[in-house]
Amino acid sequence: MAAPKPRVKVPKTASAGEVITIKTLISHNMESGQRKDKDGNPIPRQIINKFTCEFNGQKVFECDLDPAISANPFFEFSAKVNESGTFKFTWVDDDGSVYSSENQIEVK
Amino acid sequence: MKLTRRHALGLSAGAIAFAATGLRAVPASASVEDTEKRIMEFTGGKAPESGKITLDAPEIAENGNTVPVSVSVESAMSGDDLVESVMILAEGNPNPAVATFHFTALSGAATATTRMRLAKTQNVIAVARMKDGSVFMDKKEVKVTIGGCGG
């Protein structure tokens, strides 16, 4: 599998106290552990099991993922921004890898 | 399970996964019991009330591999009126857990959307736990056209 590539959509600007919508997607097979290969052997589970969104180091949104989440997990959620800063998104893989992405937002 | 050539050609790899899960000998009732057990664990033994939480999913999902699901909970998301977590369960899947969202005051609103896998036609359940300990639940039946081998 190619290295998972995160894609995130955050507005570039917002007014103070505004509730913005964030959309994230990461390419990942999300192998459920229920599938079998050609020879009938179960394919081991490998999914992203945690997603977090932080703003200036403070937790905004978090999700525990189970194998029932579709491949290329997508999330849409909201965040309240009071000041300019950085959103940090992290995805944690079953194998321990961590994928992350950062986005700046300017509050006018 | 034996896959015919037609299946192998006609279905995506993901659909084959569902074919495999769909034919597994998991009695439906076991999963429903498991779902109830998970709800009780999540709420701390409290029976969830209806209201406040809205679960949004299509009535008919053509492809069980990617079914959009949204939850929103009425809440000011500040002070004590705060939604802590929302759990989504699919009682007809081999493993009912789908996802658990955790919100904070910085979330602004307790809404979230994701995409899930459904093995067959079944009830999807969302349970919200508020900061004050109250719990709310919403349930919706989703008909799945292609969950596996024409499931």
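Residues numbered from 1 in each chain as written. Chains lettered and ligands numbered in written order. Predicted model: local features only at pLDDT ≥ 70, side-chain atom pairs only at ≥ 80, totals over all residues. Heavy atoms only, no water.

Engineer: Sorry, what's going on with the sheet that holds strand β4 (residues 67–73) of chain B here?
Structural biologist: Across a sheet, paired strands are connected by hydrogen bonds in the backbone, their directions being either parallel or antiparallel. Across the sheet, six strands lie side by side as β1(A)-β3(A)-β6(A)-β7(B)-β4(B)-β2(B); this open sheet has antiparallel pairing. Bordering the open sheet on either side are β1 (6–9) of chain A together with β2 (53–56) of chain B, each of which pairs with just one other strand. Ignoring strand direction, the axes of neighbouring strands in this sheet form an average angle of 20 degrees. When strand β6 (residues 74–81) of chain A meets strand β7 (residues 110–116) of chain B, the two strands line up antiparallel, connected through three bridges. (Pairing = 2+ DSSP bridges. Helix = DSSP H or I, 4+ residues; strand = E, 2+ residues; numbered from the N terminus. Axes fitted to C-alpha atoms, helices over the stretch in contact; angles between N-to-C directions.)

Engineer: Would you mind showing me how to read the interface of chain A and chain B here?
Structural biologist: In many reports, interface size means the accessible area that the parts give up when they come together. Every contact between the two is made by 29 residues of chain A and, on the other side, 31 residues of chain B. The junction of chain A with chain B conceals about 2,500 Å² of combined surface from both sides, 50% of it contributed by carbon and sulfur atoms. Taken together, the links from chain A to chain B amount to 20 residue pairs in polar contact (both at pLDDT 80 or more). Listed by contribution, the elements that provide at least two residues to the side of chain A that touches chain B are β3 (18–26), β5 (58–65) and β6 of chain A. It is β5(A) that provides the largest number of residues to the side of chain A that touches chain B, a total of eight residues. Residues belonging to the side of chain A that touches chain B are distributed by class as follows: 15 nonpolar, six polar and eight charged. (Contact = heavy atoms within 4.5 Å. Buried area = accessible area lost by both parts, 1.4 Å probe. Polar contact = N/O pair within 3.5 Å; in protein donor to acceptor, adjacent residues only side chain to side chain. Nonpolar A, V, L, I, M, F, W, Y, C, P; charged D, E, K, R; others polar.)

Engineer: Would you mind showing me how to read the side chain of S101(A) here?
Structural biologist: Along the polypeptide, S101(A) turns up in strand β8 (residues 98–107). Not counting residues within four places of it along the chain, the set of residues in contact with S101(A) comprises P6(A), V8(A), F87(A), K88(A), F89(A) and W91(A).

Engineer: Explanation requested: the state of the cysteines in the structure shown.
Structural biologist: Chemically, a disulfide is nothing more than a covalent bond linking the sulfur atoms of two cysteines. All names here are of chain A. In the structure shown here, the tally under the stated rule is zero disulfides over all chains. The thiol of C53 is unpaired, and the distance to the nearest cysteine sulfur, on C63, comes to 12 Å. Relative accessible area serves as the criterion here: at 0%, C53 is assigned to the buried category. (Disulfide = S-S within 2.5 Å. Buried < 20%, exposed > 50% of the residue type's maximum accessible area, 1.4 Å probe, protein only.)

Engineer: Please explain the pattern of salt bridges as it appears in this structure.
Structural biologist: Charged atoms that come close allow side chains of opposite charge to pair. Summed over the entire model, instances satisfying the criterion amount to nine salt bridges over all chains. The closest approach of N and O atoms between E84(B) and R129(B), which form a salt bridge, is 3.5 Å. Separated by 45 residues along the polypeptide, E84(B) in strand β5 (residues 83–90) and R129(B) in strand β8 (residues 122–130) bring together distant segments of the chain. Assessed through its relative accessible area of 24%, R129(B) is described here as partly exposed. Overlapping salt bridges, with partners in common, bring together K50(A), K59(A), E62(A) and D64(A) in one network. (Salt bridge = Lys/Arg side-chain N within 4 Å of Asp/Glu carboxyl O.)

Engineer: What is the right way to look at unusual backbone geometry in this model?
Structural biologist: In terms of backbone geometry, most residues other than glycine have negative phi values and most peptide bonds are trans. All names here are of chain A. Phi angles above zero are rare outside glycine, and M30 is one such case at about 55 degrees. For M30, the position within the fold is in the loop between β3 and β4 (48–55). Positive phi outside glycine occurs at N72, with the angle close to 55 degrees. Checked against the element boundaries, N72 lands in the loop between β5 and β6.

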